[in-house]
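# Structural characterization, general
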Amino acid sequence: MPVKIAASILSADFARLGEQVKAVEGSADLLHIDAMDAHFVPPLSIGPVVVESLRKVTGLPLHCHLMVEDPVALLRDFAEAGADIVTAHLEALDDPVHLIHEAGALEMRAGLAVNPETPVDGVFPHLESLDRVIVMSVRPGWAGQPFLDGSLRKIEAVRGEIDRRGLRVEVEVDGGINDVTGPRCVAAGATVLAAASSIFGAGDVAEAARRLATAAGR
Ligand code: DX5
Ligand code: ZN
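Residues numbered from 1 in each chain as written. Chains lettered and ligands numbered in written order. Predicted model: local features only at pLDDT ≥ 70, side-chain atom pairs only at ≥ 80, totals over all residues. Heavy atoms only, no water.

All right, on to helix H1 (residues 17-24) then. Each α-helix winds once per 3.6 residues, and so residues spaced three or four apart point in a common direction. Within the span of H1, buried status applies to Leu-17, Gln-20, Val-21 and Val-24. The buried residues of H1 occupy an angular sector of 100° when projected down its axis, which confines them to one face. Where H1 is buried, its residues contact strand E1 (4-8), strand E2 (30-36), helix H2 (48-57), helix H7 (197-200) and helix H8 (205-215). (Buried < 20%, exposed > 50% of the residue type's maximum accessible area, 1.4 Å probe, protein only. Helix = DSSP H or I, 4+ residues; strand = E, 2+ residues; numbered from the N terminus. Arc of directions from axis to C-beta. Contact = heavy atoms within 4.5 Å.)

For the structure on display, the rule yields 18 salt bridges. For Glu-80, the salt bridge is made with Arg-76, and the minimal N-O distance between the two is 3.9 Å. Of this pair, Glu-80 and Arg-76 are both found in helix H3 (residues 71-81), four residues apart, which corresponds to roughly one turn of the helix. Residue Asp-179 is joined to Arg-211 by a salt bridge in which the shortest nitrogen-to-oxygen separation is 3.3 Å. Of this pair, Asp-179 sits in the loop between strand E7 (170-174) and helix H6 (181-188) while Arg-211 is found in helix H8, placing the two residues 32 residues apart along the sequence. The exposure class assigned to Asp-179 is partly exposed, which follows from its relative accessible area of 34%. (Salt bridge = Lys/Arg side-chain N within 4 Å of Asp/Glu carboxyl O.)

Reference values for angles at a metal are 109.5 degrees in the four-donor tetrahedral case and 90 or 180 degrees in the six-donor octahedral case. At this site the zinc ion (ligand 2) is bound by His-32 (NE2), Asp-34 (OD), His-65 (ND1) and Asp-174 (OD), with donor distances of 2.1 to 2.2 Å. One can describe the site at the zinc ion (ligand 2) as octahedral: its six donor atoms subtend angles covering 72 to 172° at the metal. Every donor residue of the zinc ion (ligand 2) comes from the same chain, spaced as H-x1-D-x30-H-x108-D. Remark: Asp-174 occurs in strand E7 and Asp-34 occurs in strand E2; sequence separation between them is 140 residues. Here Asp-34 matches Asp-174 in class, with each residue buried. (Donors = N, O, S within 2.8 Å, 3.2 Å for Na, K, Ca; no water. Tetrahedral: all angles 85-135°; square planar, octahedral: opposite > 155°, others 65-115°.)

Have a look at this one:
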């Protein structure tokens, strides 16, 4: 599968969000929207109202990364706001099958994310019904942290299992991705690179998104 760039808006200038999204549209394949509830992770971030505004200004797929304690309770709001894909954390779910089913019933594709300390094989029983797996390569909650090398082995492991079963599940890596770490993740089997600070923290966000896409072999 061709490598995709997911521009994570957590590091964007929210007063100029539409403009910044337009700037990355040429290089980004989707937008990655980090929703945090101050319970699953300490920070509070954004939610469906921002998704609704983004839906009006871009045709890029909107992928909502739910770092929240009760993701199932929020699915309808995200769907109605225009989300295309929702990913919830394995650590937050008693019943991943229920989350995947509910997302599908709301016509969204579903993903499962694993924190750095969570073994990735926890997603293996669900691969057949997933759109993607997010391997977190930083502690969830904050942009701008350094990439954790331990995630490379997890990317390899989940990619190996997906390929062994002949599935088309995306492996998205999230955290500390730039034009050095991104290609290492692609070599390990990642097909989606999510990046916030290396894109939106740059002076020229369009150029930064282009550079990451080029580094990833696009
Ligand atoms: C972290 C978020 C990431 C974050 C990545 O909790 O899930 O998506 O935006 O930020 P960078 O790319 O700066 O590590
Ligand atoms: Zn994220």
